[in-house]
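Residue-level listing of the chains:
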Amino acid sequence: MADALSADFVVVGSGIIGSLVARKLALTGASVVILEAGPRVTRAELVARFRNSPRRSDWMSPYPPAVWAPHPVYQPEPNNYLVQAGPYPYAAEYIRQVGGTTWHWAAQAWRNLPNDFKIKSLYGVGVDWPMSYEDLEPFYQEAEEIMGVSGAPNTGSPRKFAFPMEPVAEPFAMRRLRERLASDYQVVSNTTARNSRPYDGRPACCGNNSCQPICPIDAQYHGGLAAEAAEAAGAKLVPNANVYKLEHDEKGRIAAALYCDPDKVSHRVTGKTFIVAANGIESPRLLLLSASDRFPKGLANSSDMVGRNLMDHPSTSLTFDADEEVWLGRGPQSPSSINTMRDGAFRSEHAPYRLDFTNISRVDGATKSLIAAGVYGSELGKRLRFSAAHEMNVKNVLEVLPDPEHRIMLSSEKDAMGIPKPEAHYSIADYTRRGHERSQQDFRHIAELMGGTNLRFSKDGDFANNQHICGTLSMGSDPKTSVCDQWGRAHDHENLFLASTGVLPTSATCNSTENGLAVALRAVAHMLGQQAASGGSAGQGAKS
C-alpha cells in the first residue's frame, strides 16, 4: 500500500467545521488534504431528489447513504447503521457526503451564553469549559462573518460587533405570536446562517420553506459551500475516502490516515498534523477503530473518555389550533423563539431550555393525519384548510448534562465495508425530564394567549432528537477526565487535533454548530500562532 498523498495538514471530514478549518489553514499557504468518506453531490441533485421524494417530511430522503460510507436512516425502514444499545433510543441523523450534515440543517447559529461556560462553578452541575465566553467571542464573530449570519441584538449573548445582516423578514405567523405573547414573553428572531440580503455572492432568502432538507437557492449557508471555499483556498478534497484507521509512529505521533475507496482498495495518506473533523459519532468511532498494541483502548483514549458524555438536545412539544388564521409555511421553517429560560439559578435543579416555534407548512402532516383517520372528500378539504390555517407548534430545546455512561462505542456488527458500526448508549436523565416538566407551564400559557384549542402534547416520555451531537471528545484541562485540551489537541498525541462539535464539554440550550465552529477556528489560530512562535514550518507547531 503506497503513500498516495502527503500534506502539512490532513483533515478527516469535509463538513462545515472540517472544511472551514481546512480553508483557514490553506489560506496561509500550507498544504492541506481533506478526506471525505462520502460522495460529492450538487445542490441541483439534492433539490431534484427532494422534489421527487414520496416522503415530503423525511428530511433524509434526498440523502441516501452510500454503500461505502453509510449513515443512519430511519425511513421507510431503519437501516440499523447506528446500533441502539438503550436504554433510550438515540436516533441521530447525519450525512456522510462532501459538505456533511449542514446541507439539511435549520441554520440556527446561536452563541452560548456567558454562564454556559461555567455551570459547575455557578450551579453545581455539569462541568466548566476550559475557556470563557470572552475567549471565544472573536471566533464567534469570525464564524458569523464567514457564514453570513443574520440576527437581532436581543439574544442574551454579548457582542463587540454587529451581526453581518439584519434578521430575515418576520413571517406573519411569527408576528402574531410576538404581538399576542408580548404581555408575558419576549419572542425574538432566531439567529441564523441565512441571508436577509445578497451576501457573499448568494441571494437573500425567498421563503421556500424547505430549509430542511435543502435550501434550493443557497440563501442558507451549508457545508457544501464551506467545502467549495476550502478548495478555492487551495485545499485538496478527496471524496469517497472512508478513513478507517489512523496510524502512529514509535513516539505516539500520528503518521498516516488509511482510507478505503468504494472498491475496498486501501490508501495511505501521510502528513505532519492530523485533524479529525467528523461529527461526534464518527470521530470517536475512528479513534476507537485505531487501537494498537501501544494504545489498546484506541487513540487519544488514555482517559477512557473517547465516545463518552454523548449529548444532544431532546425536545417535547405542543401542537394546538390558534383562534385566528396564521398560515404557517411562509418564510424560513424555524424563525422565532423564546429565550427567557436559557439561564438562571434554577439550573441547579432542572434543565434550561429554549422555546422554539415552527413555521413548517402544516399541509403534508395534516393530510397524512386526516387520511389515517379515514377522512376523505369534501370533509378532507374543509378540515385540511382549517389545520393549514390555524395549527401551530412550539417545542422545547432542553439541555443534557454530560454523563460518562452516555456514549458511543464500537458495535460487534459491521457495515458493508467490514468496519464495526457505531453503537449508542443513551438515556434521558431526571435533570432533563424536570426541565421538560417545567416547560409544560409555558406550553399551556402560550396556547392560552393564542386562544388555543385542541391541545396535543407529544406523547409522555417521548423525546424528539434535534441532531445536535456533542460531547464525545470533550475538551478539558485534566488529561484524566477529558480527551483534548482547549485547543482541540489530543492529550495523548502532540500532532492530533479534534475539530468537531464532539469537543464541546456541555450542550447548553442552543444548536452546536456555531459553537463547534468557533472553537475550531480558535484552535487554528492557536496552531498558527504556535507555529510562528517556534519558527516551524506548516504543521510543526510546538505542543502547548
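Just so we're clear, the structure is a prediction, and the values are computed from it rather than from any experiment.

Draft legend 1. Molecular detail of the sheet that holds strand β13 (residues 407-414). The mixed open sheet is built from 3 strands, whose spatial order is β3-β14-β13. For this open sheet the edge positions go to β3 (83-87) and β13, each flanked by a neighbour on one side alone. Sheet twist, expressed as the average angle between the axes of neighbouring strands with direction ignored, equals 30°. Across 4 bridges, the pairing between β3 and strand β14 (residues 420-426) is parallel. Paired with Pro-87 across the bridge in β14 is Tyr-426. Helix-sheet contacts for helix α7 (residues 282-289) involve β13 and β14, and the interaxial angle to β13 is about 65°.

Draft legend 2. Summary view of the environment of Ala-92. When you line up the elements, Ala-92 lands in the loop between β3 and α3 (119-123). Measuring from C-alpha to C-alpha, the distance between Ala-92 and Thr-340 comes to 28 Å, with 248 residues separating the pair along the chain. Not counting residues up to four positions away in its chain, the partners in contact with Ala-92 are Pro-72, Tyr-74, Leu-82, Ile-281, Asn-465, Gln-467 and Ile-469.

Draft legend 3. View of the pairing of strand β6 (residues 242-248). Sheet topology note: the β6/strand β7 (residues 254-260) ladder contains 6 bridges and is antiparallel. Its bridge partner lying in β7, Asn-242 is registered against Cys-260. Hairpin geometry of β6 and β7 is characterised by an intervening segment of 5 residues between the two adjacent antiparallel strands and by a positive phi of about 85° at Gly-252.

Draft legend 4. Representation of empty space enclosed by the protein within the structure. Applying the stated criterion across every chain, the model contains 4 cavities of 30 Å³ or more. Of the voids in this model, the largest cavity is the one considered here, and its volume is about 120 Å³. What lines the largest cavity is a set of 14 residues, and nearest its centre among them are Pro-167, Val-168, Ser-189, Asn-190 and Pro-335. Along the lines of polarity and charge, the residues of the lining of the largest cavity split into 6 nonpolar, 6 polar and 2 charged. If you add up the space inside the second largest cavity, you get close to 90 Å³. Along the wall of the second largest cavity there are 15 residues; nearest its centre are Arg-194, Cys-205, Asn-208, Cys-211 and Cys-215.

Draft legend 5. Molecular detail of the sheet that holds strand β4 (residues 187-189). Strands sit in the order β4-β10-β11-β12-β9-β15 across an open sheet of 6 strands; the sheet is antiparallel. Unpaired on one side and paired on the other, β4 and β15 (453-457) mark the two borders of the sheet. Each strand axis lies, on average, 25° off the axis of its neighbour in the sheet, ignoring direction. Of the pairings in the sheet, the one linking strand β9 (residues 317-321) to β15 comprises 3 bridges and is antiparallel in character. Looking across to β15, one finds that Leu-318 is bridged to Phe-457.

Cut-offs used in this document
- As a convention, each chain's residues are numbered from 1 in the sequence order in which they are written.
- In view of the model being predicted, local features appear only for residues whose pLDDT reaches at least 70, and side-chain atom pairs are presented and counted only at 80 or more, with totals across whole chains, interfaces and linings using the full set of residues.
- The side-chain figures draw on all heavy atoms in the structure; neither hydrogens nor water molecules are used.
- Following DSSP output, two strands are said to pair if at least two bridges run between them.
- Strands are runs of DSSP state E lasting at least two residues, helices are runs of H or I lasting at least four, and both sets are numbered from the N terminus onward.
- In this analysis, axes come from line fits to C-alpha atoms, helices being fitted only over the stretch in contact, and the angle between any two N-to-C directions falls in the range 0 to 180 degrees.
- We call two residues in contact whenever any of their non-hydrogen atoms come within 4.5 Å of each other.
- Residues are called lining when one of their atoms sits within 4 Å of a cavity or pocket point, these points coming from a 1 Å grid over the protein atoms alone, where a cavity is a set in which a 1.4 Å probe fits but cannot get out and a pocket is an open set with protein on both sides within 12 Å along at least five of seven lines.
- Grid points are joined across faces, edges and corners, and a volume is the space filled by probe spheres set on the points.
- Ten residues, namely Ala, Val, Leu, Ile, Met, Phe, Trp, Tyr, Cys and Pro, are considered nonpolar, four, namely Asp, Glu, Lys and Arg, are considered charged, and the remaining ones, Gly among them, are considered polar.

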